[in-house]
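# Structural overview for review
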Amino acid sequence: MKTFPLDQAHTLPVWRRPTTLLFIMAAALPISFATWSALLNNFVIEAAGFTGVEIGWLHTVREIPGFLAIGVIALIIFIREQVLGIVSLILLGVATAITAWFPSFAGILTVTMLASIGFHYFETVNQSLQLQWLDKKEAPQKLGWIVAIGSGASLVSYALLVVTWKAWNLDYNTVYMAAGGITVLMALYCFVAFPQFEAPHPQKTQIVLKRRYWLYYALQFMSGARRQIFVVFAAFMMVERFGFEVHEVTALFLVNYLANMIFAPLMGRALGIYGERNILCFEYVGLILVFLAYGGIYYFGWGVVLAASLYIIDHLLFAMAFALKTYFQKIADPEDIAPTAAVAFTINHIAAVFLPAALGYLWIVSPGGVFGLAAGMAAVSLMLALMIPRHPRKGHETVFSGGLATPAE
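Residues numbered from 1 in each chain as written. Predicted model: local features only at pLDDT ≥ 70, side-chain atom pairs only at ≥ 80, totals over all residues. Heavy atoms only, no water.

### What to know about the overall build of the protein chain
A tally of regular secondary structure across the protein chain gives 14 helices and two strands. Across its three principal axes, the protein chain shows a C-alpha extent of roughly 55 × 45 × 35 Å. Counting all 409 residues of the protein chain, 58% fall into the buried class. Long-range pairs, those at least 24 residues apart, make up 87% of the contacts in the protein chain between residues at least 6 apart in sequence. The average position of the 23 basic charges and that of the 21 acidic charges among the side chains of the protein chain differ by 9 Å. (Helix = DSSP H or I, 4+ residues; strand = E, 2+ residues; numbered from the N terminus. Buried < 20%, exposed > 50% of the residue type's maximum accessible area, 1.4 Å probe, protein only. Contact = heavy atoms within 4.5 Å. Lys, Arg positive; Asp, Glu negative; His and termini not counted. Charge placed at Lys NZ, Arg CZ, Asp CG, Glu CD.)

Structure, rendered in structure tokens:
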């Protein structure tokens, strides 16, 4: 790929511009990841007899590469972020394609680890590229469109699964091979069709930890801990408690991403109007109520319709998390974006390394207790979000800084 200055990218045809590349990569990732997620719970239960304990361990293993995302800082010394992102996509696609070849506890964990390396390293680099390539004024709306495009790709994947799984009598291997292969082909297209964009601010290639970013770090930590409960146990509950089959789980995911595809651009517009603090507070209040209601399903025997509705609302609220990206973009030094994206991804996954396995044991005793813990985490996130200023910027990172200059380190 040829290098091309980012500030001249507007002279390129639309199909070769940085935003277009971000859009294509946003579609390539979920084709593999969404398919893997849709089939996962049924596959591991049918192929390897997983219980809550094994699914907890699987997700702990899946999150280890996220915890080690700080390794991106070392890699970008030798390889451009854009190239690293594409290589990571290829790894995710290949690992997804071969998932069904190893239907055992050890095999599933090994392939999951490989797919997770691709997923987490791509996400780390992708977040950095988004914040470097998107103008601050346009970022909320463009990030909303990126979420919508990813949701649209997931929607297509899920719709095809719902329509063809039983009608064509598909098996896990066929679907995994198709999804992984498409992601690999899209990644190769990104490698060939786009130049290497040269951002105006060279990124630091050492670990960056600054005191003035502390609130961003804290919000990332709580987001990672809270999200694990949703990712690991919400869908697992639909299969274990209510007996959802593959096409039913996929239909639920389909509705989720249809809602995201419609509402994510609107969320981006709302973020530009109301600011990060208001959007994040709305998200966290909603999550508190949703997680408490999840617990009620177990304690009071509420039914499958409510559970499915809560799952959709839950997923929609989590989509608002891109407000964290724009908050950091506003307070960050431009050269800090890549290393801080890696550090933030590691912080986001600290709890992810031990929480799924630990909560897998709690799940056996008290599933409602797992969701009660998640509600508490959402409440802590709400208190942190209230510390974000209405108009955050460098030197005014929290409501306590008062707009005065603060130490850089």
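Moving on, there is more to tell.
### Points about helix α12 (residues 337-348)
Along its 12 residues, α12 runs 16 Å from first to last C-alpha, staying within 8% of the 16 Å computed at 1.5 Å per residue. Inspection of α12 places I337, A338, P339, T340, A341, A342, V343, A344, F345, T346, I347 and N348 among the buried residues, and these make up the whole buried set. (Expected span 1.5 Å × (residues − 1).)

### A word on the pattern of salt bridges
Inspection of every chain in the model, using the stated rule, returns eight salt bridges. For the salt bridge of E397 with R212, the shortest nitrogen-to-oxygen distance reads 2.8 Å. Of the two residues, E397 sits in the segment after α14 (367-385) while R212 sits in the loop between β2 (196-198) and α8 (214-240), which places them 185 residues apart along the sequence. Under the relative-accessibility criterion, E397 is labelled buried at 2%. Residue classification places R212 among the buried residues on the basis of a relative accessible area of 5%. Across the pair E276 and K330 runs a salt bridge whose closest N-O atoms are separated by 3.0 Å. Separated by 54 residues along the polypeptide, E276 in helix α9 (residues 246-300) and K330 in helix α11 (residues 322-331) bring together distant segments of the chain. When its relative accessible area of 0% is taken as the criterion, E276 is described as buried. Taking relative accessible area as the criterion, K330 reaches 28% and is therefore assigned partly exposed. (Salt bridge = Lys/Arg side-chain N within 4 Å of Asp/Glu carboxyl O.)

### Focus on the side chain of T164
Summarising the element assignment, T164 is placed in helix α6 (residues 139-164). Separated by 2.5 Å, the side chain of T164 and the backbone oxygen of L160 make a polar contact. Here T164 is in contact with N169 and L170, once residues within four sequence places are set aside. (Polar contact = N/O pair within 3.5 Å; in protein donor to acceptor, adjacent residues only side chain to side chain.)

### Notes on the environment of A199
On the secondary structure map, A199 appears in the loop between β2 and α8. Placed 16 residues apart in sequence, A199 and T183 show a C-alpha to C-alpha distance of 26 Å. Those residues in contact with A199 that sit more than four places away from it in its chain are L6 and Q132.

### Re the side chain of S381
Mapped onto the elements of the fold, S381 is located in helix α14. Among the residues examined, S381 registers a relative accessible area of 0% and is labelled buried. The contacts of S381, once residues within four sequence positions are left out, are L219, M222, R226 and Y284.

### Considering the confidence of the model for the protein chain
With 96% of its residues at a pLDDT of 70 or more, the protein chain shows a mean pLDDT of 84. Confidence drops under pLDDT 50 across residues 403-409; counting only partners more than four residues distant or on other chains, this segment forms 15 contacts. (pLDDT = per-residue confidence, 0-100.)

### Describing the nonpolar core
Ranked by internal contacts, the top residues of the largest apolar core, which has 133 residues, are F197, M237, F291, Y294 and F371. If sequence neighbours within four positions are ignored, M237 has contacts with F242, Y294, I297, Y298, A307, W363 and F371. (Core = buried A, V, L, I, M, F, W, Y, C linked by side-chain atoms within 4.5 Å.)

### Focus: unusual backbone geometry
One non-glycine residue, N169, lies in positive phi territory at about 55°. Positionally, N169 belongs in the loop between α6 and α7 (172-193).

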